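Structure assessment
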Amino acid sequence: MKTRNLVYLFFSTLLIGSTAGMITGIVLDWSQYWTDLKNGEFISFLIVMLWLLGVSSIFSLISQMGFFAYLTIHRFGLGIFKSVRLWNTIQAVLIAVALFDLVYFRYAVFAEAGESVVSYVLVALFLLVVGVTVAYIKQKETNKQAFIPALFFIVVVTTLEWIPGLQSNDPKWLWLILIPLLVSNVWQLLTLHRLIGKEA
């Protein structure tokens, strides 16, 4: 990939991921921010927006590190197993394990007595639905063998990057961390082949 395209991918991912995180933060505490604005506390509101943008940019950068780490691991996997089908099968198993762990361990650690497992399942299901949708688009725009790697990246790598939020189990931080990670990961995954295609 040309340096120009690499720089574009870096800064566009940073901008999009940070903005998505900032918007998520505004939505999560909209009533408080609206009250501040009505009271004329514009400076305070601006400071909070900059803080949200800064925090989200950190997770956008983490997303980029995870993306290039996965690209490296993916090449190693193909080289070690010598078969796309075998490597994809292994990734499919790891996807199932990651989704199970995302539900089971969070429920085992954080659930209160009598609490339903449904909310924990819905979080994993949300991630799976996004992953399947993005993987389908990736497959349509590249080739059918791209489906499992794309799904693996969205589900497994995003979950690993999301661990700080998962450990806190604070609903606000869960989404404030997940959204910039997920948006950044989706953007990178669906942009890379377009940049490489233009270069070709």
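Notes on the structure follow. (Residues numbered from 1 in each chain as written. Predicted model: local features only at pLDDT ≥ 70, side-chain atom pairs only at ≥ 80, totals over all residues. Heavy atoms only, no water.)

**Quick word on the overall build of the chain**
Cut-off, in case you're wondering: Runs of H or I in DSSP of at least four residues are treated as helices and runs of E of at least two as strands, each being numbered from the N terminus. For the exposure calls, accessible area comes from a 1.4 Å probe over protein chains only, and a residue counts as buried if that area is under 20% of its type's maximum, exposed if over 50%, partly exposed in between.
Each helix and strand in the chain was counted, giving eight helices and zero strands. Along the chain, from the amino end to the carboxyl end, the secondary structure elements read α-α-α-α-α-α-α-α. Principal-axis analysis of the C-alpha atoms gives the chain an extent of 65 × 50 × 25 Å. Going through the 200 residues of the chain one by one, you find that 42% of them count as buried.

**Quick look at the packing of aromatic side chains**
As a reminder, the rule being used: Only centres within 6.5 Å qualify two rings of Phe, Tyr or Trp (six-membered ring in Trp) as a pair; their planes then separate them into stacked at under 30 degrees, edge-to-face at over 60, and tilted for everything else.
Under the defined criterion, the tally for this structure stands at 11 aromatic pairs. Taking the centre distance of 5.4 Å and the plane angle of 75 degrees together, the rings of Phe 67 and Phe 68 count as edge-to-face. We classify Phe 68 as partly exposed; its relative accessible area is 33%. Ring pairing ties together the aromatic residues Phe 67, Phe 68, Tyr 70, Phe 152 and Phe 153, which thus form one cluster.

**Focus: helix α4 (residues 84–110)**
The line we're drawing: One less than the number of residues in a helix, times 1.5 Å, gives the span that helix is expected to have. At any given residue, the bend is defined as the angle formed between two axes, one fitted to the seven residues that end at that position and one fitted to the seven that begin there. Distance and chemistry together define a polar contact, namely a pair of N or O atoms within 3.5 Å, with one atom able to donate a hydrogen and the other to accept it when in protein, and with adjacent residues in sequence counting only for side-chain atoms on both sides.
With 27 residues, α4 ought to run about 39 Å at 1.5 Å a step, and its terminal C-alpha atoms sit 38 Å apart, in line with that. Of all bends in α4, the biggest is about 25 degrees, found at Asp 101. Considered for burial, the residues of α4 that qualify are Trp 87, Asn 88, Gln 91, Ile 95, Ala 98, Leu 99, Leu 102, Val 103 and Arg 106. The opening residue of α4, the one whose side-chain oxygen lies 3.4 Å from the backbone nitrogen of Arg 85, is Ser 83.

**Section: the packing of α4 against helix α5 (residues 118–141)**
Any two packed helices are characterised by how steeply their axes cross, that is the angle between the axes, and by the distance between the axes. Inclusion rule: Working convention: axes come from line fits to C-alpha atoms, limited for helices to the stretch in contact. Angles between N-to-C directions cover 0 to 180 degrees. Roughly parallel covers angles under 35 degrees, roughly antiparallel covers those over 145, roughly perpendicular covers 65 to 115, and oblique covers all other angles. Helix crossings fall into two classes, left-handed where the near helix is turned counterclockwise from the far one by less than a right angle and right-handed where it is turned clockwise. Any two residues having at least one pair of non-hydrogen atoms within 4.5 Å are treated as being in contact. Side-chain classes are defined by residue name, with Ala, Val, Leu, Ile, Met, Phe, Trp, Tyr, Cys and Pro counting as nonpolar, Asp, Glu, Lys and Arg as charged, and the others, Gly among them, as polar.
α5 packs onto α4 with a crossing angle of 155 degrees between their chain directions and a minimal axis gap of 9 Å. One way to sum up the angle between α4 and α5 is to call them roughly antiparallel. Here α4 and α5 pass one another in a crossing that is right-handed. When α4 is examined against α5, the residues Leu 99, Leu 102, Val 103, Arg 106, Tyr 107 and Phe 110 are found in contact with a partner set consisting of Tyr 120, Val 121, Val 123, Ala 124, Leu 127 and Leu 128. In terms of residue class, the contact of α4 with α5 is made up of 11 nonpolar, no polar and one charged.

**A short note on the pattern of salt bridges**
The cut-off we apply is this: One side-chain nitrogen of Lys or Arg within 4 Å of one carboxyl oxygen of Asp or Glu is enough to make a salt bridge.
This structure, assessed with the given rule, holds two salt bridges. Put simply, Asp 29 and Lys 172 hold a salt bridge, and the shortest N to O gap is 2.7 Å. Residue Asp 29 is located in the loop between α1 (3–28) and α2 (30–38), and its partner Lys 172 is located in helix α8 (residues 171–199); the two are separated by 143 residues in the primary sequence. Take Asp 29: its relative accessible area is 24%, and that puts it in the partly exposed class. A relative accessible area of 29% means that Lys 172 is categorised as partly exposed. The closest approach of N and O atoms between Arg 194 and Glu 141, which form a salt bridge, is 2.7 Å. A residue pair is termed long-range when its members are at least 10 positions apart, and Arg 194 in helix α8 and Glu 141 in helix α5 qualify at 53 residues. Looking at Arg 194, the relative accessible area reads 39%, which means it is partly exposed.

**Some details on a nonpolar patch on the surface**
Here is the rule we go by: Exposure above 30% relative accessible area and no salt bridge define the residues that can form patches, which grow by joining like charges within 9 Å and nonpolar side chains of Val, Leu, Ile, Met, Phe, Trp and Tyr within 5 Å. Only the protein chains shown count as cover for residues, with accessible areas throughout obtained via the Shrake-Rupley method and a probe of 1.4 Å.
A contiguous nonpolar surface patch, about 470 Å² in accessible area, is contributed by Val 117, Val 118, Val 121, Leu 122, Leu 125 and Val 129. By the element assignment, Val 121 lies in helix α5.

**Some words on the nonpolar core**
Rules: For our purposes a nonpolar core is just a set of buried Ala, Val, Leu, Ile, Met, Phe, Trp, Tyr and Cys residues, chained together by side-chain atoms within 4.5 Å.
Ile 95, Val 134, Phe 153, Ile 154, Trp 162 and Leu 189 are the most contacted members of the largest nonpolar core, which has 37 residues in total. Every element with two or more residues in this core is listed here: α3 (42–81), α4, α5, α6 (147–161) and α8. The biggest single contributor to this core is α8, with 10 residues. Among residues more than four places away in sequence, those in contact with Leu 189 are Phe 67, Val 134, Lys 138, Ala 150, Phe 153 and Ile 154.

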